[in-house]
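Examination of the molecular architecture
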Amino acid sequence: MADLTNVLSIAVGAVPGALSRFYITEWTKAKLGTKFPYGTFVINLTGCLAMGFFFTISKGITGYPSELDLLIRTGFLGSYTTFSTYGFDTLTLWRSKQKTATVFYWAGSAVLGLGAVILGVAIAKLFVK
């Protein structure tokens with residue numbers, strides 16, 4: 001039953017996370033224009049703030065339900081932005097004094113991620129005329 005509870009916790013958080021991402025993106029486009037990805041920028045920063053906050057809360061409160069953590073951090077923030085997890089993972093590596101791994105993960109995710117997008121576009125162009 002714990003597996004079903006975990007799945008439901010994640011799912012319940014994912015829907016509002018995805019909707020929040022959509023509506024914040026649309027709002028920033030309407031208010032600030034589309035010359036810069038303001039929506040994604042705002043979402044990434046607020047997601048990182050929330051990830052740090054809720055991780056600290058979950059570790060600092062005795063009896064904090066793991067299902068609530070799954071709902072917020074995995075469900076909501078996972079569909080709101082995975083950038084928050086990237087930021088959190090970078091901090092975790094840094095705190096564990098794995099400096100080389102931290103730099104590789106931090107810079108490699110950005111550089112290789114961009115490369116992967118470029119490669120994905122190139123592969124898709126083989127199928128689309």
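Before reading on, note that the structure itself is shown above.
An account of the accompanying structure is given in this report. Everything quoted here is computed from the prediction, not taken from an experiment.

**Some details on the pattern of salt bridges**
Taken as a whole and assessed by the stated rule, the structure comprises two salt bridges. Put simply, D69 and R73 hold a salt bridge, and the shortest N to O gap is 2.7 Å. Taken as a pair, D69 and R73 lie in helix α3 (residues 66-80) at a separation of four residues, close to a single helical turn. Across this residue pair, the class does not change: D69 and R73 are buried.

**Focus: the packing of aromatic side chains**
Counting across every chain of the model gives eight aromatic pairs. Geometrically, the ring pair formed by F53 and F54 is edge-to-face, given 5.0 Å between the ring centres and 90 degrees between the ring planes. Within the aromatic cluster, the residues linked to one another by ring pairs are F36, Y38 and F41. Here R73 stacks its cationic end above the ring of F88, 5.6 Å away from the centre of that ring. The aromatic ring of W94 is capped on one face by K99, whose charged end is 4.4 Å from the ring centroid.

**Points about the side chain of T102**
You can see T102 is positioned in helix α5 (residues 99-127). Residue classification places T102 among the buried positions, given a relative accessible area of 4%. Only 3.1 Å separates the side chain of T102 from the backbone nitrogen of W94, close enough to count as a polar contact. Setting aside its immediate chain neighbours within four residues, T102 contacts T90, L93 and W94.

**Some details on the nonpolar core**
I43, A50, M51, L77, Y80 and F88 form the largest nonpolar core, which has six residues in total. Listing elements by their share of this core, those giving two or more residues are α2 (38-60) and α3. Sort the elements by how many residues they give to this core and α2 lands first, with three residues. The contact partners of F88, leaving out residues within four places of it in the chain, are M51, F55 and R73.

**Topic: a nonpolar patch on the surface**
Together, L32, F36, Y38, F41 and L45 make up a nonpolar patch on the protein surface, roughly 470 Å² of accessible area in all. Here the nonpolar patch takes three residues from α2, the largest share from any one element.

**Thoughts on unusual backbone geometry**
Residues other than glycine seldom take positive phi values, yet K97 does so here, at roughly 65 degrees. A relative accessible area of 65% means that K97 is categorised as exposed.

Analysis parameters
- Residues numbered from 1 in each chain as written.
- Predicted model: local features only at pLDDT ≥ 70, side-chain atom pairs only at ≥ 80, totals over all residues.
- Heavy atoms only, no water.
- Salt bridge = Lys/Arg side-chain N within 4 Å of Asp/Glu carboxyl O.
- Helix = DSSP H or I, 4+ residues; strand = E, 2+ residues; numbered from the N terminus.
- Buried < 20%, exposed > 50% of the residue type's maximum accessible area, 1.4 Å probe, protein only.
- Phe/Tyr/Trp six-rings, centres within 6.5 Å; stacked < 30°, edge-to-face > 60°.
- Lys NZ or Arg CZ within 6 Å of the ring centre and 35° of its normal.
- Polar contact = N/O pair within 3.5 Å; in protein donor to acceptor, adjacent residues only side chain to side chain.
- Contact = heavy atoms within 4.5 Å.
- Core = buried A, V, L, I, M, F, W, Y, C linked by side-chain atoms within 4.5 Å.
- Patch = residues over 30% accessible without salt bridge, like charges linked within 9 Å, V, L, I, M, F, W, Y side chains within 5 Å.
- Areas by Shrake-Rupley, 256 points an atom, 1.4 Å probe, with all protein chains shown as cover.

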